[in-house]
Amino acid sequence: MVYSHYLLSSHQGTPLTQALREEGAVIATATATEPAVELIGITKRFPGVVANRDIRLRVAKGRIHAIVGENGAGKSTLMKILYGMQRPDEGEIRVDGSAVGFHTPADAIAAGIGMVHQHFMLADNLTVLENVVLGSEPRRGGVALDFGEARRKIKEISDAYGLGIRPDVPVEELGVGDRQRVEILKVLYRGARILILDEPTAVLVPHEVEELFDNLRGLVHEGLTILFISHKLDEVLRVADEITVIRRGTTVATVDPKDVTARKLAELMVGSELPSPETRESTVTDVVALSVRDLSVRASDGRAIVDGVSFDIRKGEVLGIAGVEGNGQAELVEAIMGIRPCEVGTLTLGGADIAHWSTLRRRTGGIGYIPEDRHRHGLLLESSLWENRILGHQNQKPNSKGIWIDRAGARSDTRRIVEQYDVRTPGIDVVASALSGGNQQKLIVGREMSGDPVLLIASHPTRGVDVGAQAAIWDHLRTARAAGLAVLLISADLDELIGLSDSLKVLLRGAIVADVDPANVTPEQLGSAMTGAGEGV
Amino acid sequence: MTERDHGTGAGMGTFLDRMLGRVRLGGWLAVAAPVIAIAFAALITSVVLLVAGKAPLEAFNALAQYGTRPPTMVLILNTAVGYYISALAVAIGFRMNLFNIGVDGQYRLAAVVAASFGGAALLPGVLNIIAVVVVAMAVGALWAAIAGLLKVTRGVSEVISTIMLNAIATGLGSWLISDHFGVLTGNDIATRPIPDDAHVPGMPLIAGTAQLVNGFLVLAVVLGVAYYVLLNRTRFGFELRATGQSEPAAVASGVGVKKMVVVTMIMSGAVAGLIGMPELLGQSFKYSNNFPAGLGFTGIAIALLGRNNPVGMAIGALLWSFLDNSSNTLQLLDISKEIVAIMQGVIILSVIIAYELVHRYRNVAEQRRVSRQLAAPPGPPGPAGPSAPPAPEGARA
Amino acid sequence: MTATGLSVGQPVKAPPSRRLRLSTPMLLLGIFGLIVLLAVARVITGANDITSGGTASAALGLAVPIGLAGLGGLWSERAGVVNIGLEGMMILGTWFGAWGALQFDNPWAGVVAGAVGGALGGAIHALATVTFGVDHIISGVAINIVGLGITQYLSKLVFDGMPGGGAKQSPPVTEMATLSVPGIGEPLRSLEGRHWFLLSDFAGLLRGITQDVSSFTVLAILLVPLSFWLLWRTPFGLRLRACGERPVAAESLGVNVYLYKWVAVLVSGLLAGLGGAFLSIVAAGIYRDGQTGGRGYIGLAAMIFGNWRPGGLAGGAILFGYTDALQLRQGGASVHALLLVVALLLAAVAVFQLVRQGRGRAALLTGLGAIVVFAVFAVTDTVPEQFTSFTPHLTTLLVLSLASQRLRMPAADGIPYRRGQAT
């Protein structure tokens, strides 16, 4: 059985050789070539941006089809379109060969499409049963909810696919893996034949990832089709039958995982320009800027989210923290910033004990902070750029004099940042929400580098920004490091971590499990260290 | 290329385009919302009047005629002073996303205690005036502080706690009057009158009438200026507004939100304590059952109408007071004066909806405008479009 | 306890295991225990009115409007819309109720009109909060202002000039029929009159709730289990509650969140309107300006007290109605006797905490509370009537500040929702 690989890129891009593929014995030949879903020329515009442009995609029935792309490449928008949450401006969606037009998720559900969202769509206060049947409840006598029937059906599906779900437990009592299985069951309960999984492994620990992949293989075995969205290349290569790469809102290529390496996929994802974050000549000094000893953060139930973390960052050093998201990175950062209460042995900044300092005092003392979620923590979206310049630096020059705000000082310094950091804006009186993500981030970087910080905490500094802004932000980090700034870098982008860091530590379940030398580690090695498989790389 | 705000931007953009037409962005948009709301309220009121068989134009004309007579103007100013102070008290909380629904209870309790204090005449003349004002501010602040403390220590929403505290203040107030501070004269029970030397004199501001404008007008103006300066020119004000816009961003920026909540509640309560002062020290000189009630809620309405802006609220207070005071003349036309209550209600409801729509429209329009300006070649920072490679000369730190 | 505004001070997450679930026998046992305490207090203080038939009957009558307003709050907040506007909707209910009863010369027409009037307020709230995304608190406050204005205008327009009516009140409306359980009224009355320990107390309470009960009251009581059944046992209710817990989840499963929120807020207004109609048609027999006296807020308090559940809010409404009723029946002395009940109750809770839960510190604090209340009881003779007027409000404040960890409001309550925001 010959299966032809097709190239979707309409512009330049390396033409990939046709791949031949032996069909697996399990899947019937008839269904293999028949597309379950076809997207033809999907385009979606939002004010100021084109999220999807001429997307072309063909998903074969009974396969796991992965869609990979960088954060912000337009994967999520595409999935929302496919699930009826947003409508495309142009293009056609075909399910099982016939064109469909989805107005709401209900239409997509009716067409047999189900979605497992990245952020679980579960109501904590409701039981598993209530969450599962919501929207398509079995009825008794036309009005009442038939709990018995619902329980029976859930049990049946759970047993058939080995999901192991108890229907009457409140969702709040479930762990992450269980919640994901509830999400999958929700979709199966609605009779979906095509499952979309949006970044399903982002919140899972390694053994849970394995369990999920086993579940997925079981589902495909039963003839279901799975669309698997991810930016984790090793996982995609492990589980997918086919991979489509999406870059800057458009599909670039569809490849067979057997024919490509992670490196090759990464190149397809970022395109030919592939900005390199590499910094090689060391600027590390002997002066310790930040010293952390035995820092722990506990959840309300007493469980340690960050567990006895210790490290030093010297001036001119970038210390990278690698780890699967949700392993305590965010809490570690918040503890160092004084936002979250923690237990700590010693916490010194430039020799001063800052453990009991307030957040503002820590900032004044020389910590710059690029938060993970710039919309929630980094900006006042409805305030002007110059007011955002003041944010976090409200007690420092040139923003204030004593108890007064220095408008003129803040405004002229904002102009300086706009110019030096190339923030593309018509002026400094524009509200922050009007800027693109990259420009917002450049403003934040400029702000946090102002006032000669001793330490910069950069949490996912280039997440969701365009490639140009990414390169610029990397440049700024390098320059500041050369000038003696100590940087704590947290990122999910392994290339960024390896390229920028002078030393790397791996955080797993809140504890540092490995020290890695970025000079001789590959993303693959680092990735396995993060999952706990390759401790002591 | 970001996925920012797509959800919010997308659906509403087209809807609002239809809804508001091609409204150009500018400062006047903020004024447009209340003007439209007032016009809409006038329209609804007209319909109500027509249904009742009355002539709307005649009614509005009568309102305007009566409202511009000098004695009425004095009355309008005097009532507006209390309204404005009340709106300021509410607005301080609103700017921080803190809903002090309890201004009503705070000012009434403050007035009871302050009136009894002033009536006791422990201090002579001006000192007594100052003491009464300070006592009122302290009582208002303390009463509001309860809600602030419950919020930061026990997580009790200030909305619920201040509503409950309003009722408790009512009970406490009438208990204080009847069992402790009250003096029975005839059938009326009231606090001992404040002696003549502690009365705040009026000002002959309006020509053509012998009636005097309440001296507390000066205080109201001072408070309005202070409110503006505090919020817009001080670090405290910046932190307060930042917290109101985004609590997580404020926390990440080193704002001590717990302390801010308590301090803001105390400030709001202290200003609330002043609401009753124009009446107490300039008008009635004692607290009785006839003491104006419900000013706290009027303040909420005016703060909403004036969008927490000191000038906007001043206009709102005058409008409210105008409607309240000149409504009496409608009786002559055989129209019940409560029609203005309907008009006020419609103004409030339509103004909050109008502001919300304008606000959304603004966000979308500004995003469009920025991306359009950046796409156009002579954009200020450089000729590059959003997705072009960065200008290398600009990328130096 | 709303989710709008600042989240500072709120517990990060309540421990999930501590769900208080009462079984029916436990509940009955609790009620019995409470009556025993009341009987003890009555015998000691001689305040016979704390368990008299008159008090029970008045308590029931006063609990109904509070409970209806509370149910209104429940419907709306379960769908995620905070409803501070209950008071305004209730005010609309009082006027429309009286007007309907007078217009059609039938109290039941008044009930319908009151419900419609309240639903009108609900519609305004839904339009502002659900359709236009206005802050729920702001809209609610505005509705309270509007409701008052409309009724004042309308009453002047309609009732002024009617015989017996005026600008601030309506003529008396036709009385509504009352129901009694036959055959037990007299025996209970005579038993109650003997003032025997416990037996007379039971007789009094039973007489109060079985004799001369308005049929509107019966309807209102039935609305509690009906609301529970609709909200917790039907697909409709599940969807509605999902909108209050996690609207994006509901949306992602094809539920029309706007629709369910609209329905919930309409029903909320309707129930609050019924509460208002009860006040004007049954409780007072006329419409009077300012008749609600903040009962919409007390209903809100009852709902919070009842932890956003129908049974709980009914309990809260009865408690608040009861303290209200005591005020009318030898107010000072009765409420004073109630202090003894509270002291005994706190002592019992302290013993329970110490013996069954092993929480020494909590037991000590509760015990101290008991002693303080008892001391107040011992050194005073009467409680000022003004204090009894804010008992519900004070209780709510105490419950919120002491037990906010145990309370569980809908997770998305008060958060403006807009379609298509799912990530």
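Caption draft 1: Highlighting the overall build of chain C. Helix and strand counts for chain C stand at 17 helices and two strands. At 22 Å, chain C has a C-alpha radius of gyration in line with the 22 Å of a compact globule built from 423 residues. For chain C, buried positions account for 56% of its 423 residues. Counted over contacts in chain C with a minimum sequence separation of 6, partners at least 24 positions apart contribute 78%.

Caption draft 2: Structural view of the confidence of the model for chain B. Residue and element names in this part refer to chain B. On average, residues of chain B score 82 in pLDDT, and 87% of them are at 70 or above. Summarising per-element confidence for chain B, the mean pLDDT is lowest in helix H1 (residues 6-20) (36) and highest in helix H11 (residues 257-274) (94). A low-confidence stretch, residues 1-26 stays under pLDDT 50, and its non-local contacts, those more than four residues away or across chains, total 52 contacts. Considering only residues more than four positions removed or in separate chains, one finds that residues 377-397, a stretch of pLDDT under 50, has 37 contacts.

Caption draft 3: Quick peek at the nonpolar core. Among the nonpolar cores identified, the biggest contains 413 residues, and Leu195(A), Ile457(A), Tyr84(B), Ile348(B) and Ile352(B) are the most heavily contacted of them. Ranked by residues supplied to this core, first place goes to helix H15 (residues 339-375) of chain B with 20 residues. Sequence-distant contacts of Ile457(A), that is, excluding residues within four places in its chain, are made with Val333(A), Ile336(A), Met337(A), Ile367(A), Gly368(A), Tyr369(A), Ile370(A) and Leu488(A).

Caption draft 4: Structural detail: unusual backbone geometry. Cis geometry is adopted by the peptide bond preceding Pro398(A), which originates at Lys397(A) and carries an omega value of 0°. For Pro398(A), the position within the fold is in the loop between helix H13 (385-390) and strand S19 (400-401). Although it is not a glycine, Arg509(A) adopts a positive phi angle of roughly 50°. Its location among the elements puts Arg509(A) in the loop between strand S23 (503-508) and strand S24 (511-516). On the neighbour-count criterion, Arg509(A) (16 C-beta atoms within 10 Å) is partly exposed. The backbone phi angle of Asn97(B) is positive, close to 65°, even though this residue is not glycine.

Caption draft 5: Summary view of the interface of chain B and chain C. Counting residues at the interface gives 51 residues for chain B and 49 residues for chain C. Of all the secondary-structure elements, those providing two or more residues to the side of chain B that touches chain C are H1, helix H6 (125-154), helix H7 (158-181), H11, helix H13 (295-305) and H15 of chain B. Tallying contributions element by element places H7(B) first for the side of chain B that touches chain C, with twelve residues.

Caption draft 6: Highlighting the packing of H13(B) against H15(B). Residue and element names in this part refer to chain B. Following both chains from N to C, one finds H13 and H15 inclined at 45°, their axes separated by 9 Å at the closest point. In terms of axis orientation, H13 runs oblique to H15. The element H13 and its partner H15 pack so that their crossing is left-handed. Note on element contacts: H15 touches H13 through Gln 344, Ile 347, Ile 348, Val 351 and Ile 352, opposite Ala 301, Leu 304 and Leu 305. Along the lines of polarity and charge, the residues of the contact of H13 with H15 split into seven nonpolar, one polar and no charged.

Caption draft 7: Fine view of the sheet that holds strand S6 (residues 113-116) of chain A. All names here are of chain A. Pairing is mixed across the open sheet formed by six strands, whose spatial order is S6-S9-S10-S3-S11-S12. Each edge of the open sheet is held by one strand with a lone partner, namely S6 and strand S12 (250-255). On average, adjacent strands in this sheet sit at an angle of 20° to one another, irrespective of strand direction. Here five bridges tie strand S11 (residues 242-247) to S12, and the two strands are oriented antiparallel to one another.

Caption draft 8: The arrangement of helix H3 (residues 86-103) of chain C in detail. Residues and elements named next belong to chain C. A rise of 1.5 Å per residue sets the reference length of H3, with its 18 residues, at 26 Å; its end C-alpha atoms lie 25 Å apart and thus fit the reference within 8%. Of all 18 residues in H3, 17 are buried; the element is thus mostly enclosed. Positioned one or two residues after H3, Asp 105 has a phi angle of 50°, which is positive.

Caption draft 9: Examining the pairing of strand S2 (residues 188-191) of chain B more closely. Both strand S1 (residues 182-185) of chain B and S2(B) contribute to a ladder of four bridges, which runs antiparallel. Across the sheet, the residue bridging to Thr185(B) is Asp188(B), located in S2(B).

Caption draft 10: Spatial organisation of the confidence of the model for chain C. All names here are of chain C. Confidence in the prediction for chain C averages 86 pLDDT; 94% of positions are at 70 or higher. Contacts of residues 12-19 to residues separated by more than four positions or lying in other chains number eight contacts, the stretch itself having pLDDT below 50. The complex model carries a pTM of 0.83, and its ipTM stands at 0.85.

What counts, and at which threshold
- Throughout this document, residue positions are counted from 1 along each chain, in the order its sequence is written.
- Written order determines the labels here, with chains lettered from A and ligands numbered from 1.
- Thresholds applied to this predicted model are a pLDDT of at least 70 for local features of residues and 80 or more for the giving and counting of side-chain atom pairs; totals over whole chains, interfaces and linings are not thresholded and use all residues.
- Secondary structure elements follow DSSP: runs of H or I of four or more residues count as helices, runs of E of two or more count as strands, with numbering from the N terminus.
- For this measure, only C-alpha atoms enter the radius of gyration; the expected value for a globule follows 2.2 Å times N^0.38, where N is the number of residues.
- Remark: C-beta atoms are placed from the backbone, and a residue is labelled buried if 20 or more other C-beta atoms sit within 10 Å of its own, exposed if 12 or fewer do, or partly exposed between those counts.
- Two residues qualify as being in contact provided that their C-beta atoms, derived from the backbone, are within 7 Å of each other.
- Values of pLDDT, the confidence the predictor places in each residue, fall between 0 and 100.
- To form a nonpolar core, buried Ala, Val, Leu, Ile, Met, Phe, Trp, Tyr and Cys residues must be joined through C-beta atoms within 7 Å.
- Lines are fitted to the C-alpha atoms to define the axes, a helix being fitted only along its stretch in contact, and any angle between axes, read from their N-to-C directions, falls within 0 to 180 degrees.
- When an angle is under 35 degrees it counts as roughly parallel; over 145 it counts as roughly antiparallel; between 65 and 115 it counts as roughly perpendicular; any other value is oblique.
- Each crossing is labelled by how the near helix is turned from the far one, with a counterclockwise turn of less than a right angle marking it left-handed and a clockwise turn marking it right-handed.
- Only Asp, Glu, Lys and Arg are considered charged in this grouping, and only Ala, Val, Leu, Ile, Met, Phe, Trp, Tyr, Cys and Pro are considered nonpolar; every other residue, Gly among them, is considered polar.
- Strand pairing is assigned whenever DSSP identifies at least 2 bridges connecting the two strands.
- Expected span of a helix: the number of residues minus one, times 1.5 Å.

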